[in-house]
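Examination of the molecular architecture
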Amino acid sequence: MNITVVGAGAWGTALAISLAANHRVTLWARAAEQVEAMRAARCNQRYLPDTPFPPNLTLSANLSAALSVADLAIIAVPTAALRSILQQIARMPNRFGVVWLCKGFEAETSKLPHQVVAEVLPEEFRYGVLSGPSFAQEVARGLPTALTLASSDVEFARDTAHALHHARLRIYASTDVVGVEVGGAVKNVMAIASGICDGMGFGYNARAALLTRGLAEISRLGLKLGGRPETLTGLSGVGDLILTCTGDLSRNRQVGLLLAQQHDLAEILHRIGHVAEGVYTVREVRGLAQRLGVEMPICEAVYRIIYEKVPAGEVVADLLSRTPNYEFDLNP
């Protein structure tokens with residue numbers, strides 16, 4: 001299969017390296033200078049400097065040329081750039097499968113990626129989302145990873161999952177696009193909360209409680225939007241939540257750790273040097289939860305810290321002083 005990975009950040013680069021073992025892969029980057037630097041070094045020095053490219057991995061700064069030979073395009077750009085990339089794909093004369101990796105809600109519209117895709121791509125395209133617990137550095141090194149590929153087109157989900165699956169990258173098919181996307185998006189907010197929790201020294205008990213109640217919030221929103229319960233307890237729900245909230249490679253958790261130390265957000269994002277989707281996702285999730293009447297106190301707390309600049313200690317005190325309630329609805 002000819003695969004074009006659109007976006008040469010850490011995750012796009014890692015997946016391109018992983019898939020090049022079994023497919024003809026082209027990795028596209030917007031800046032010609034970045035492509036030339038990667039071609040000369042045979043690695044992505046900015047994001048994955050310790051992982052050399054396989055000999056058969058092709059690099060390109062020409063999106064039209066890279067897509068002209070594609071059987072499958074994997075979009076590995078942040079949510080904010082998804083619509084513009086899709087608009088360029090929609091103008092291509094050839095038709096190919098499309099899979100996106102971004103985890104978030106579109107700014108201002110609060111739309112999930114699949115809703116943006118449905119608006120932009122012509123009906124002839126087949127598409128889906130690939131998500132799950134996956135740090136780019138580990139995928140690039142060939143460490144075992146399991147992901148979910150979801151599409152409303154069951155044949156596309158099954159066939160594409162089978163094509164991408166290999167011994168170190170297990171891909172499971174699903175038809176629950178909403179559940180997969182909500183789990184992948186909101187866990188980034190919970191990872192910021194987890195970093196704040198750890199940064200303030202609250203301990204393992206508090207982190208476990210946070211993850212559990214965080215999953216409850218993810219599930220409430222996911223079910224409200226039409227996701228399925230089993231998806232939210234699967235790889236793209238619980239699996240991704242556990243990894244992102246506890247792993248030291250998590251960018252969103254790093255944001256929380258630094259917020260707990262009262263660093264300025266702009267300074268934090270500059271220091272990390274990567275996109276931390278949770279910073280932008282929490283704004284959309286908070287607004288969406290308010291419109292839908294979904295209770296999400298942890299997301300509200302993270303929003304207050306980031307956008308209202310309320311000190312983390314004050315927000316946590318408010319969160320812990322909430323009136324206790326039943327863990328589960330007595331009349332579901």
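This one's a predicted model, so the numbers in the text were calculated from it and none came from an experiment.

About the cut-offs
- Residues numbered from 1 in each chain as written.
- Predicted model: local features only at pLDDT ≥ 70, side-chain atom pairs only at ≥ 80, totals over all residues.
- Heavy atoms only, no water.
- Helix = DSSP H or I, 4+ residues; strand = E, 2+ residues; numbered from the N terminus.
- Rg over C-alpha atoms; globule rule 2.2 N^0.38 Å.
- Buried < 20%, exposed > 50% of the residue type's maximum accessible area, 1.4 Å probe, protein only.
- Contact = heavy atoms within 4.5 Å.
- Areas by Shrake-Rupley, 256 points an atom, 1.4 Å probe, with all protein chains shown as cover.
- Lys, Arg positive; Asp, Glu negative; His and termini not counted.
- Charge placed at Lys NZ, Arg CZ, Asp CG, Glu CD.
- Polar contact = N/O pair within 3.5 Å; in protein donor to acceptor, adjacent residues only side chain to side chain.
- Axes fitted to C-alpha atoms, helices over the stretch in contact; angles between N-to-C directions.
- Parallel < 35°, antiparallel > 145°, perpendicular 65-115°, else oblique.
- Left-handed = near helix turned anticlockwise from the far one by under 90°.
- Expected span 1.5 Å × (residues − 1).
- Arc of directions from axis to C-beta.
- Phe/Tyr/Trp six-rings, centres within 6.5 Å; stacked < 30°, edge-to-face > 60°.
- Pairing = 2+ DSSP bridges.
- Core = buried A, V, L, I, M, F, W, Y, C linked by side-chain atoms within 4.5 Å.
- UniProt positions renumbered as here; feature names shortened; annotations may be inferred.

Attention now goes to the overall build of the chain. The secondary structure content of the chain amounts to 16 helices and 8 strands. The C-alpha atoms of the chain give 20 Å as radius of gyration, which agrees with the globular expectation for 332 residues (20 Å, within 12%). Each principal axis of the C-alpha atoms in the chain carries an extent, and together these give about 60 × 40 × 35 Å. Sorting the 332 residues of the chain into buried and exposed places 54% on the buried side. Taking the intrachain contacts of the chain between residues at least 6 apart in sequence as the baseline, contacts between residues at least 24 apart amount to 69%. Element-wise, carbon and sulfur atoms account for 53% of the exposed surface of the chain, whose accessible area totals about 14900 Å². Positive and negative side-chain charges in the chain, numbering 30 and 31 respectively, have mean positions lying 3 Å apart.

On to the side chain of Thr-13. Looking at the secondary structure, you find Thr-13 in helix 1 (residues 10–19). A distance of 3.3 Å separates the side chain of Thr-13 from the backbone oxygen of Ala-8, its partner in a polar contact. Those residues within four positions of Thr-13 in sequence are excluded, and the remaining contacts are Gly-7, Ala-8, Leu-27, Asn-44, Leu-48 and Phe-53.

On to the packing of helix 15 (residues 297–307) against helix 16 (residues 312–320). Running from N to C, helix 15 and helix 16 cross one another at 160°; their axes reach a closest spacing of 9 Å. Classified by the angle their axes make, helix 15 and helix 16 are roughly antiparallel. Handedness of the crossing formed by helix 15 with helix 16: right-handed. Counting all contacts with helix 15, which are made through Pro-297, Ile-298, Ala-301, Arg-304 and Ile-305, the residues of helix 16 involved are Ala-312, Glu-314, Val-315, Asp-318 and Leu-319.

Counted at 1.5 Å a residue, the expected span for helix 4 (residues 79–90) with its 12 residues is 16 Å, and the 17 Å between its end C-alpha atoms agrees. Taken residue by residue, helix 4 has Thr-79, Leu-82, Ile-85, Leu-86 and Ile-89 as its buried positions. Looking straight down helix 4, one finds its buried side chains confined to an arc of 105°; they lie on one side.

Further remarks concern the packing of aromatic side chains. Summed over all chains, the structure comprises 3 aromatic pairs. Relative to Phe-125, the ring of Phe-96 has its centre 5.5 Å away and its plane inclined at 75°; by these criteria the two rings are edge-to-face. In this pair, Phe-96 is assigned in the loop between helix 4 and strand 5 (97–100) and Phe-125 in the loop between helix 5 (113–120) and strand 6 (127–131), connecting sequence segments 29 residues apart. The exposure classification of Phe-96 matches that of Phe-125, with both residues buried.

Quick look at the sheet that holds strand 8 (residues 169–174) now. Judged by pairing direction, the sheet is mixed, and its 8 strands sit side by side in the order 3-2-1-4-5-6-7-8 without closing on themselves. Each edge of the open sheet is held by one strand with a lone partner, namely strand 3 (58–60) and strand 8. Going across the sheet, the axis of each strand differs from the next one's by a mean of 25°, ignoring polarity. For strand 5 and strand 6, the ladder comprises 3 bridges, and the chain directions are parallel. Across the sheet, Val-99 pairs through a bridge with Gly-128, a residue of strand 6. Those strands touched by helix 4 are strand 1 (2–6), strand 2 (24–28), strand 4 (72–75) and strand 5, and its axis lies near 160° from that of strand 4.

Counting residues in each nonpolar core, the largest one holds 44 residues, and the members touching the most others are Val-186, Leu-221 and Val-255. Of all the secondary structure elements, the ones that give two or more residues to this core are helix 8 (177–199), helix 9 (203–224), helix 11 (235–246), helix 12 (251–260), helix 13 (265–272), helix 14 (277–292), helix 15 and helix 16. Here the element with the most residues in this core is helix 8; it accounts for 11 residues. Among residues more than four places away in sequence, those in contact with Val-186 are Phe-105, Ile-218, Leu-221, Val-285, Met-296 and Cys-299. Counting 38 residues, the second largest nonpolar core, distinct from the first, contains Met-38, Tyr-47, Leu-48 and Leu-59.

If you check UniProt for "domain: Glycerol-3-phosphate dehydrogenase NAD-dependent C-terminal" (unreviewed entry), the listed places come out as residues 176–316 in our numbering. Summarising residues 176–316: 79% helix, 0% strand, and an end-to-end C-alpha distance of 34 Å.

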